[in-house]
Amino acid sequence: MSSIYQERRVRLRLCAVPVRVRGRGFNDVSTENRQSRVLSMLPFVVMGAVAVVDLASGPSVGYFPLVAVGPAFAPLVGGWKRTACVGGLSLLLCTALSWYDEMTNLRRGATILVSVLGITVAGLVAVSMRRKREAELDSVRSIAEAAQRVLLKPVPRLAGRLRAAVSYTSAVAEARIGGDLYEVVAAPQGVRVIVGDVQGKGLEAVETAALVLGAFREAALDEADLIQAGRRLARSVDRQLDGDKFVTAILAEASAHRVTFLNFGHPAPMLLRDDGTVELPEPASYALPLGLGAHGTAEPEPYDAAFLPGDQLLLYTDGIIEARDHAGRFYPLTERAHLLKEHDPETALETLRQDLLQHVSGPLDDDAAMLLLRYR
C-alpha cells in the first residue's frame, strides 16, 4: 500500500507547478438526446431506404417485404400511437410497392401484410412492457434520490464568507450515489469540510460512506479544533470498519484567511489563487486512510495554507486525476484549473466535469466527486 501512495505523491508533485492559463470553450452535446433522435428516426429511414432500393431495382426483384423492419424498430422509443402509426405506414407502403412490383398474388400479398401486422402488434406489446419497466425504474430512481438526499445532503451555497458547489458523477450506470462522499459544516470555529473515497463499490461502499459522513457531522460540530475532529472521526471509523476496508479522506477548516488540512491518504487539494496560479498543498508525510488505525500508524499532521478573498479551493477524489484518455494519459487537472474561473461556482464545476468526460470520451471507470469553495 505504501508504494501506491508514494506513486500518488510523486504524480501530484509533478503536477504542482504554478501555471497561468486562459479559458477555452467547448460544445456540450447530450449523448442521450442524440441517441433518442436517431432511434426515433430509424423506422422511417429504414422504410424509406427499402422503398428507394425497391423502386431503383425494378419490379423484377421486389424488396418491399423488408419494409416490415421499420415497425420492428418502432418500439425502441415513443408510445403506442407512434408504434401503431409506423405499422400503418408500413402496411400502406407494402401495398403500394406490391402493386408496383406486380405481386398481386393474393396469398403472397396477404402473407406479407399479415407479417407486417404481426410485427406491429408485437411492437405494441413491447411498448407496454417497456412502459412498465420504465415506471419501475422511475420508482427505484425516486427511492435512490431520497437516499442520496439523506446520505449526500445538498451543500449550502453560502457558508460564512465562502461559496460552495459540488459535483458528483457515479461510475455505475443509472446510479446517483456511490463510494465517494463530501460534506460542508459551518462550525463556530470555521467552515469544516470533508471529501473522501471509500475503497470498493456498490452498496457496501454506500454504507461505509454513510458511516463516515455521520461520524464527521457530529465531530465537526462538537470538537474544538480540526485535530480533535479528525481523531474522533478516525476512532469511529476504525471501530466500525471490518477487514481491509478503508476510506481515503481529506478534512479542511477555513477561517481567518487560512485553511487547515488533515490528510488521510487522499489526493492533495488544489488551490487556485486570484492571480491564476495553482498550488497543491501537501503534508510533510501522508497518513494511512481511515479504517486502518489497527495497524498503529501515526496520526496525520495538520498543515495549512493562505486562503484569501478571490481564491478557490477544490477538493476532489482520485476518480478525477486517475481518469485516462484512450492513450492512457491522466486527466491534467492543474492544466484545466482555468475552467474554474467561471463566475458561478456551479457552472464552473459543471464546465470542469464536462471537460473531464470529454477527456475520457466515455463513461468514467471510477466515481468522481468535486467540492469547490470560493472565498467571496
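So, here is what we can say about the structure in this document.

Rules and cut-offs
- Residues numbered from 1 in each chain as written.
- Predicted model: local features only at pLDDT ≥ 70, side-chain atom pairs only at ≥ 80, totals over all residues.
- Heavy atoms only, no water.
- Helix = DSSP H or I, 4+ residues; strand = E, 2+ residues; numbered from the N terminus.
- Expected span 1.5 Å × (residues − 1).
- Buried < 20%, exposed > 50% of the residue type's maximum accessible area, 1.4 Å probe, protein only.
- Pairing = 2+ DSSP bridges.
- Contact = heavy atoms within 4.5 Å.
- Axes fitted to C-alpha atoms, helices over the stretch in contact; angles between N-to-C directions.
- Parallel < 35°, antiparallel > 145°, perpendicular 65-115°, else oblique.
- Left-handed = near helix turned anticlockwise from the far one by under 90°.
- Nonpolar A, V, L, I, M, F, W, Y, C, P; charged D, E, K, R; others polar.
- Phe/Tyr/Trp six-rings, centres within 6.5 Å; stacked < 30°, edge-to-face > 60°.
- Arc of directions from axis to C-beta.
- Polar contact = N/O pair within 3.5 Å; in protein donor to acceptor, adjacent residues only side chain to side chain.

Details of helix H6 (residues 203–222)
Point 1. Here H6 spans 29 Å end to end across 20 residues, near enough to the 28 Å set by a 1.5 Å rise per residue.
Point 2. All buried positions along H6 are accounted for by Ala205, Val206, Thr208, Ala209, Leu211, Val212, Leu213, Ala215, Phe216, Arg217, Ala219 and Ala220.

A few points about the sheet that holds strand E11 (residues 368–375)
Point 1. Ordered in space as E1-E2-E11-E10-E7-E8, the six strands form an open sheet in which the pairing is antiparallel. What marks the edges here is a single partner per strand, and that holds for strand E1 (158–159) and strand E8 (278–279).
Point 2. As paired elements, strand E7 (residues 270–272) and E8 share two bridges and run antiparallel to each other. Looking at E8, one finds that Leu272 is bridged to Val278.
Point 3. Running over the sheet, helix H9 (residues 345–360) touches strand E2 (162–169), strand E10 (312–316) and E11 and is turned about 30° from E2.

With respect to the packing of H6 against helix H7 (residues 226–240)
Point 1. Between H6 and H7, the least distance of the axes is 9 Å, while the angle of their chain directions is 150°. Comparing their axes, H7 and H6 come out roughly antiparallel. Considering how the two elements wind past one another, H6 and H7 form a crossing that is right-handed. Along the contact surface, H6 presents Leu211, Val212, Ala215, Phe216, Glu218, Ala219 and Asp222, while H7 presents Ala229, Arg232, Leu233, Ser236, Val237 and Gln240.
Point 2. Here the contact of H6 with H7 is built from residues that sort into eight nonpolar, two polar and three charged.

Considering the packing of aromatic side chains
Point 1. Scanning all chains against the criterion turns up three aromatic pairs.
Point 2. Here Tyr168 and Tyr182 contribute two aromatic rings whose centre-to-centre distance is 6.4 Å and whose plane-to-plane angle is 50°, an arrangement assigned as tilted. Taken together, the residues span a long stretch of sequence, with Tyr168 in strand E2 and Tyr182 in strand E3 (residues 180–187) at a distance of 14 residues.
Point 3. Residue classification places Tyr168 among the buried residues on the basis of a relative accessible area of 16%.
Point 4. When the centroid spacing of 5.5 Å and the interplanar angle of 75° are considered together, the rings of Phe307 and Tyr375 count as edge-to-face.

As for the pairing of strand E5 (residues 247–255)
Point 1. In terms of burial, E5 is a largely internal element, eight of the nine residues being buried.
Point 2. Relative to E5, strand E4 (residues 190–198) runs antiparallel, the two being bridged by eight bridges. Residue pairing across strands places Ile194 opposite Leu251, the latter belonging to E5.
Point 3. The pairing of E5 with strand E6 (residues 258–264) spans seven bridges and is classified as antiparallel. For Ala252, the partnering residue across the bridge sits in E6 and is Phe261.

Describing H7
Point 1. The end-to-end C-alpha distance of H7 is 21 Å, a good match for the 21 Å that 15 residues give at a rise of 1.5 Å each.
Point 2. Every buried residue belonging to H7 is among Leu226, Ala229, Gly230, Leu233, Ala234, Ser236 and Val237, and all of these are buried. Buried positions in H7, seen along its axis, are confined to an arc of 165° and lie on one side of it.
Point 3. The backbone nitrogen of Ile227 has a side-chain oxygen 3.0 Å away, supplied by the residue at the start of H7, namely Asp225.

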